[in-house]
Each structure stands twice: as C-alpha cells, then as structure tokens.
Amino acid sequence: MVTEELDLTGLRRVYGRPGSRLFYTMVARNARHWGWTEPGQSKWRCWRAQRRLEDVLGRKLALPAGARVLDAGSGAGVVARAMAARFGLAVTGVDVLDFHVREARKLSARAALEGRTAFSWGDYHRLEFPDASFDGAYSMETLVHSYAPERALAEFHRVLRPGGRLVLLGPMSTVPLEEMGARDRAVLERYLDDMVFPGAKRYHAGNLERLLTEAGFQVEEALDATANYAPTAEALYTYFRVPYALLRSWGPAEKWLNMRSVVEMYGVRQYIAWYVHTAVKPAA
C-alpha cells in the first residue's frame, strides 16, 4: 500500500518498539544507517563501516567548514554530529519522531556539539524553512520513508541556495516491483509495508535520477555502491540469522523488524541496490 500522507503511527511502531530501541542503541550505537566497506577491508567491523559511510557523505557534500546543511530524517543525530565534528558543518536535523529529536539533542549536548547541530520536529515534505536556507542537504537512508518522493525532492530544492548540494544515500529496488518474480515481490512488498517504506515503491534504481532532474536538480553522479554496502549485509546476516530464528519462536516477525531487515531481506538481495546520488541546484 502506497500512502499520500505521513504514517506517524507506523513509524512509531518501526522505531519505537522496545526491540527496535534496543537494536539501535546496543547494536548500532544509536545509528540508523548501514556501512561502507572497501575491497580488502574486514566486513565484520560494522561500526567502522558506518563511520566510513559518514565520511563518504561528507566528501560528496564537498562543502566548506561552516556551511549550513539540512539532515532530512536525522534520527538520533549520529550522522549530523559526524558532519559537524569531522567536516565542520553546521547541521540542522529534522525528524517526525519526537523521541528521536529528544535523543539527538541529548547526545549532541553530551558530545559538546549543540553549537553546531540543531534538531527539531519536522516533515521533510513540508519544511518550515525559508527558500535558500541551506548550502547543502542530505538524506541518509531516509527517503525510503517518503510518502511522496517528488514532493520531498521539491522541498529540498526549495530550501537549497543556488549552487547548493544534495546527497541521497540509501537502498532501492533494482527494478520496479511489478517486474519481480511473484515470490520475491511478495516477500519484499510485505517488508516495505511493515517498515513503512512507501518511497521504495515509488522510486527505484532506474528512475530516481529522473525524479531529481524533474525536481530541478542537475545530477552529478548516480553511484551504484551495492558492492560497498554488501559486506555489511553479509556480516549482519551471519550475526543475526540464529538469534532471529530463536526470537521468532517467541513471537511474530513484526516484533523484530530490524533483525528481519537483515535476515529475510538477504534472501532477496538480488533485487536490492544501494546508491549514492549527488546533485546540485543550478545557480540562477
């Protein structure tokens, strides 16, 4: 089911359940994103891979210290703090979950980064910022939650200054859902519904670049980074397939959505690609 409005109840279910909170806090160290591994690097050090992915984002933004940047779907603020601490950026994060905003503020204060990061409730389809407010913007694996990707991209374009940069990182299907085999499509579609990923039904590896162009962006790069993401997927599948099987004996898969995302989705990995899109709002 593809919605045309914010499914706040569903997102609270995905990120607010005790199992999810425990997974993100204890396993992912408050991050909500995957990792980046280069050839020859160990796939087992997932936390280091997450830090490398943050560095990829910072390099793709390619902005000077002090630049104003929007984090669309900022979660607990891990990526925002990385951009502030390692790249000197001034990051404003918006998120639709109030407990994410509270957590991000608390962790930034603990890291003495509240002067370079700010977090507030916000739906990135309807941003409450003036035109040309930011030098850059990014979505770290959050556009999948978009109920209207075209509207979100239009908002990113609006709040960027001419010459501003946008980086989108995240998963997407290699082909439209209707082109998949029936069994694999059923597995993937159920997962997208349970994880509240309506955006992943609207865009895929073959059309996101076009959507960016239609929103007014000039696409610099559409990088297929699946090979860099795959080692993290392999490691997490190995780590969690047995614990997930045991937990399933205590209740339905929906109670353990995060483990399900690394175990069940591994079975349809041939249909999943990971991309880094870099785009620029043309100068007036």
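Just so you know, these numbers come straight off a predicted model, no measurement behind them.

Ranked by internal contacts, the top residues of the largest apolar core, which has 84 residues, are Leu57, Leu61, Met83, Tyr138, Leu153, Phe156 and Leu166. Broken down by element, this core gets its largest block of residues, seven residues, from helix H10 (residues 226-248). Apart from the residues lying within four places of it in its own chain, the contact partners of Met83 are Glu54, Leu57, Gly58, Leu61, Gly88, Leu89, Val91 and Tyr138.

Under the criterion given, the structure shown has nine aromatic pairs. Ring centres of Trp34 and Trp274 lie 5.2 Å apart, and the angle between their planes is 45°; on these two criteria the pair is classed as tilted. With Trp34 in the loop between helix H2 (18-27) and helix H3 (46-61) and Trp274 in strand E7 (residues 272-280), the pair connects residues that are 240 residues apart, well separated along the chain. Geometrically, the ring pair formed by Tyr239 and Phe240 is edge-to-face, given 6.5 Å between the ring centres and 75° between the ring planes. Owing to a relative accessible area of 12%, Phe240 belongs among the buried residues under this scheme.

Two side chains with opposite charge may pair up if their charged atoms get near one another. Evaluation of the coordinates by the stated rule reveals 19 salt bridges. Among the ionic pairs, Arg102 bridges to Asp98, the shortest N-O distance being 3.8 Å. Taken together, the positions of Arg102 and Asp98, both in helix H5 (residues 98-110) and four residues apart, correspond to about one turn of that helix. Connected through shared salt-bridge partners, Arg51, Glu54, Asp55 and Arg86 make up one network.

Turning our attention to the pairing of strand E3 (residues 117-121). Across five bridges, strand E2 (residues 90-95) lies against E3 in parallel orientation. Following the sheet pairing, Thr92 is matched in E3 by Ala118. Taken together, E2, H5 and E3 constitute a β-α-β crossover, and its handedness is right-handed.

Relative to the elements of secondary structure, Thr25 occurs in helix H2. The exposure class assigned to Thr25 is partly exposed, which follows from its relative accessible area of 38%. Distance from Thr25 to Ala76, taken between C-alpha atoms, is 9.7 Å for residues 51 residues apart in sequence.

With that settled, the discussion passes to the sheet that holds strand E1 (residues 68-72). Taken together, the seven strands give an open sheet; going across it, the order is E3-E2-E1-E4-E5-E7-E6, and neighbouring strands pair in mixed fashion. Strand pairing shows two members of the sheet lacking a second neighbour, E3 and strand E6 (218-224), which therefore form its edges. Across the sheet, the axes of successive neighbouring strands diverge by a mean angle of 15°, strand direction being ignored. When strand E5 (residues 160-173) meets E7, the two strands line up antiparallel, connected through nine bridges. In the sheet register, Ser173 faces E7, and the bridge partner there is Ile272. Contacts between helix H4 (residues 78-87) and the sheet are confined to E1, E2, E3 and strand E4 (134-140), with E3 contributing the most and set at about 155° to the helix. Helix H6 (residues 149-159) rests against E1, E4 and E5 of the sheet, and its axis sits at about 155° to E5.

Before going further, it helps to spend a moment on H5. Given a rise of 1.5 Å per residue, 13 residues ought to cover 18 Å, and the 19 Å separating the end C-alpha atoms of H5 matches this to within 8%. All of the buried residues along H5 are Phe99, His100, Val101, Glu103, Ala104, Leu107 and Ser108. Two residues or fewer past H5, Ala112 is found with a positive phi of approximately 60°.

Okay, the environment of Leu188 next. Along the polypeptide, Leu188 turns up in helix H7 (residues 182-194). The spatial distance from the C-alpha of Leu188 to the C-alpha of Leu160 is 34 Å, given a sequence separation of 28 residues.

Next up on the list: helix H1 (residues 8-16). Among all positions of H1, only Gly10, Leu11, Val14 and Tyr15 are buried. For H1, the angular spread of buried residues about the axis comes to 115°, placing them on one side.

Most of E5 sits out of view: 11 of its 14 residues are buried. The pairing of E4 with E5 spans six bridges and is classified as parallel. Its bridge partner being in E5, Tyr138 is matched across the sheet by Val167. In this fold, the crossover linking E4 to E5 by way of H6 has right-handed handedness.

The rules we used
Residues numbered from 1 in each chain as written. Predicted model: local features only at pLDDT ≥ 70, side-chain atom pairs only at ≥ 80, totals over all residues. Heavy atoms only, no water. Core = buried A, V, L, I, M, F, W, Y, C linked by side-chain atoms within 4.5 Å. Buried < 20%, exposed > 50% of the residue type's maximum accessible area, 1.4 Å probe, protein only. Helix = DSSP H or I, 4+ residues; strand = E, 2+ residues; numbered from the N terminus. Contact = heavy atoms within 4.5 Å. Phe/Tyr/Trp six-rings, centres within 6.5 Å; stacked < 30°, edge-to-face > 60°. Salt bridge = Lys/Arg side-chain N within 4 Å of Asp/Glu carboxyl O. Pairing = 2+ DSSP bridges. Right-handed = clockwise from strand over helix to strand, strands pointing away. Axes fitted to C-alpha atoms, helices over the stretch in contact; angles between N-to-C directions. Expected span 1.5 Å × (residues − 1). Arc of directions from axis to C-beta.

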